[in-house]
Amino acid sequence: MDHAVEPARRRLLGQLGAVLAAGTVAAILPAAAQGVASPEPAAAFGPLKRVRAGDLDVAYVEAGPAEGRPVLLLHGWPYDIHSYAEVAPMLARAGYRVLIPYLRGYGATRFLSEATPRNGQQAALAHDAVAFLDALGVERTLVAGYDWGARTACILAALWPARCRALVSVSGYLIGSQQANAMPLPPKAELQWWYQFYFATERGREGYARYTRDFARLIWELASPRWRFDDATFARSAPAFDNPDHVAVSIHNYRWRLGLAQGEGRFDETERKLAAFPTIAIPTITLEGDANGAPHPDPAAYAKKFTGRYAHRTLTGGIGHNLPQEAPQAFAQAVVDVDGV
């Protein structure tokens, strides 16, 4: 840790202790780091960096001091690294080394070999994250995410706890299994997964390939019905879906969940462990928005999966599924808070 950075981080955590002792939860990040006053959030990101990691040539952005405590931020579907455009500078100002990779099938990340299956199963993405940390020489990190990113973050925390300092997970415990996904849900719950069933068909695959950007925008609107993002905000993220492997990885992810597509044998042992729904013992904060229009579990359903120091926060005010982008200050605050417990 950089010696100039550590005292600032300690002061920040000290302020947190005083706030919690008073029995309230308040924003303690500096006013300049609260995101709402930032007119150009895209400026938070410098040029893309690249690193070969496992199956991938990973494109990523980095913010904050190189000697800062690492925090790995993982995006979801169909979103991209710009979900963290306002979170990143907040955490960088607090002294963290912020790492935000494009997932397989997004942005400038590419497969190293044409022979590698364009696999979207949960274990593949988790192994990608571990390989990314290995490639950067990061032994231990805070890990945080939402949607696909939250699932990957939970898997890292459950199966590689020595690599994870603490966890922030939007919508809680998202580890799944093909066996569990085979169980039918009540009709209203099934309706929320309409796109999963659409993707199970060749018509759906072709439709997603033909109308990728329109499809992604529709998901943004349905998953966050009260988020009034503008055209420029969507246009900033949309090129990430032009990745040549995006459609294949996305379709495989949802077909694999339903047992309609095979995973890779090299991930069988990981999936076997995940099918047992392992508990998570590292310090964790889970977050949920009060207007999340995407399928998500009730916090009470997963609270017991976190056996270490744990807290849940539901954000009010119309916060939807893309919580880091819709409520960046609250998300950054959760990262700082979980690091101090």
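Predicted model only: the values in this text are computed from it and were never measured. (Residues numbered from 1 in each chain as written. Predicted model: local features only at pLDDT ≥ 70, side-chain atom pairs only at ≥ 80, totals over all residues. Heavy atoms only, no water.)

**Observations concerning the overall build of the protein chain**
Next, step 1: Helix and strand counts for the protein chain stand at 15 helices and 9 strands.
Next, step 2: For the protein chain, the residues scored as buried account for 58% of the 341 residues in total.
Next, step 3: Long-range contacts, defined here as pairs at least 24 residues apart, represent 79% of the contacts in the protein chain between residues at least 6 apart. (Helix = DSSP H or I, 4+ residues; strand = E, 2+ residues; numbered from the N terminus. Buried < 20%, exposed > 50% of the residue type's maximum accessible area, 1.4 Å probe, protein only. Contact = heavy atoms within 4.5 Å.)

**Brief notes about the packing of helix α3 (residues 122-136) against helix α12 (residues 268-275)**
Next, step 1: The interhelical angle for the contact between α3 and α12, taken along N-to-C directions, is 110 degrees, at an axis separation of 9 Å. By the angle class used here, α3 and α12 are roughly perpendicular. Packed against α3, whose contacting residues are Q122, A123 and H127, the element α12 presents T270, E271 and L274 at the interface. (Axes fitted to C-alpha atoms, helices over the stretch in contact; angles between N-to-C directions. Parallel < 35°, antiparallel > 145°, perpendicular 65-115°, else oblique.)

**Observations concerning the packing of aromatic side chains**
Next, step 1: A full pass over the atoms with the stated rule returns 31 aromatic pairs.
Next, step 2: Relative to Y146, the ring of Y79 has its centre 5.6 Å away and its plane inclined at 65 degrees; by these criteria the two rings are edge-to-face. Of the two residues, Y79 is situated in the loop between β3 (69-74) and α2 (87-93) and Y146 in the loop between β6 (141-145) and α4 (148-159); the sequence distance between them amounts to 67 residues. Both residues of the pair, Y79 and Y146, belong to the buried class. (Phe/Tyr/Trp six-rings, centres within 6.5 Å; stacked < 30°, edge-to-face > 60°.)

**Side note on the confidence of the model for the protein chain**
Next, step 1: Chain-level pLDDT for the protein chain is 90 on average; 87% of the residues reach the 70-or-more range.
Next, step 2: The model gives residues 1-5 a pLDDT under 50, and that stretch makes 9 contacts with residues more than four places away or in other chains.
Next, step 3: Confidence drops under pLDDT 50 across residues 11-42; counting only partners more than four residues distant or on other chains, this segment forms 41 contacts. (pLDDT = per-residue confidence, 0-100.)

**Some thoughts on unusual backbone geometry**
With the exception of glycine, the majority of residues adopt a negative phi angle, and the majority of peptide bonds are in the trans configuration.
Next, step 1: Residue P78 is reached from W77 by a cis peptide bond, and omega for that bond is -10 degrees.
Next, step 2: Mapped onto the fold, P78 is located in the loop between β3 and α2.
Next, step 3: In the Ramachandran plot, S171 falls in the positive-phi region, its phi being about 70 degrees despite a non-glycine side chain.
Next, step 4: Tracing the backbone through its elements, the reader meets S171 in the loop between β7 (164-170) and α5 (178-181).
Next, step 5: What makes S171 buried here is its relative accessible area of 3%.
Next, step 6: A positive phi angle, near 50 degrees, is found at F277, a position not held by glycine.

**Focus: the pattern of salt bridges**
Next, step 1: Applying the stated criterion across every chain, the model contains 21 salt bridges.
Next, step 2: With a shortest N-O distance of 3.4 Å, D55 and R104 are connected by a salt bridge. Of this pair, D55 sits in the loop between β1 (49-53) and β2 (56-63) while R104 sits in the loop between β4 (96-101) and β5 (110-111), placing them 49 residues apart in sequence. For the pair formed by D55 and R104, the shared burial category is buried.
Next, step 3: Salt-bridge contacts for E202 lead to R255; the nearest nitrogen and oxygen are separated by 2.9 Å. (Salt bridge = Lys/Arg side-chain N within 4 Å of Asp/Glu carboxyl O.)

**Remarks on a nonpolar patch on the surface**
Next, step 1: A grouping of W194, L218 and L222 is seen on the molecular surface, where their side chains present a nonpolar patch of about 240 Å² in accessible area.
Next, step 2: Here L222 is to be found in helix α9 (residues 212-223). (Patch = residues over 30% accessible without salt bridge, like charges linked within 9 Å, V, L, I, M, F, W, Y side chains within 5 Å. Areas by Shrake-Rupley, 256 points an atom, 1.4 Å probe, with all protein chains shown as cover.)

**Quick word on the side chain of Q196**
Next, step 1: Looking at the element boundaries, Q196 is found in helix α7 (residues 194-199).
Next, step 2: Taking the relative accessible area as the measure of exposure, Q196 reaches 7% and is therefore buried.
Next, step 3: With sequence-adjacent residues up to four places away left out, Q196 is seen in contact with Y254, R257 and L258.

**Points about α12**
At 3.6 residues per turn, the α-helix brings residues three or four places apart onto the same side.
Next, step 1: Those residues of α12 that fall on the buried side of the exposure criterion are T270, E271 and L274. Projected down its long axis, α12 carries its buried residues within an arc of 95 degrees, all on one side.
Next, step 2: Looking at the buried positions of α12, the neighbouring elements they touch are α3, α4 and α11 (246-257).
Next, step 3: Just beyond α12, the residue with positive phi is F277, at close to 50 degrees. (Arc of directions from axis to C-beta.)

**Notes on the side chain of E62**
Next, step 1: Mapping E62 onto the fold places it in strand β2.
Next, step 2: With relative accessibility at 19%, the residue E62 sits in the buried group.
Next, step 3: For E62, the side chain forms a polar contact with the side chain of K49, separated by 3.2 Å.
Next, step 4: Here the side chain of E62 touches R97 through a polar contact of 2.6 Å, side chain to side chain.
Next, step 5: Apart from the residues lying within four places of it in its own chain, the contact partners of E62 are K49, R97, V98 and L99. (Polar contact = N/O pair within 3.5 Å; in protein donor to acceptor, adjacent residues only side chain to side chain.)

**Notes on the environment of F306**
Next, step 1: With respect to the helices, strands and loops of the structure, F306 is situated in the loop between α13 (299-302) and β9 (310-315).
Next, step 2: Taking the C-alpha atoms as reference, F306 lies 4.8 Å from I280; in sequence the two are 26 residues apart.

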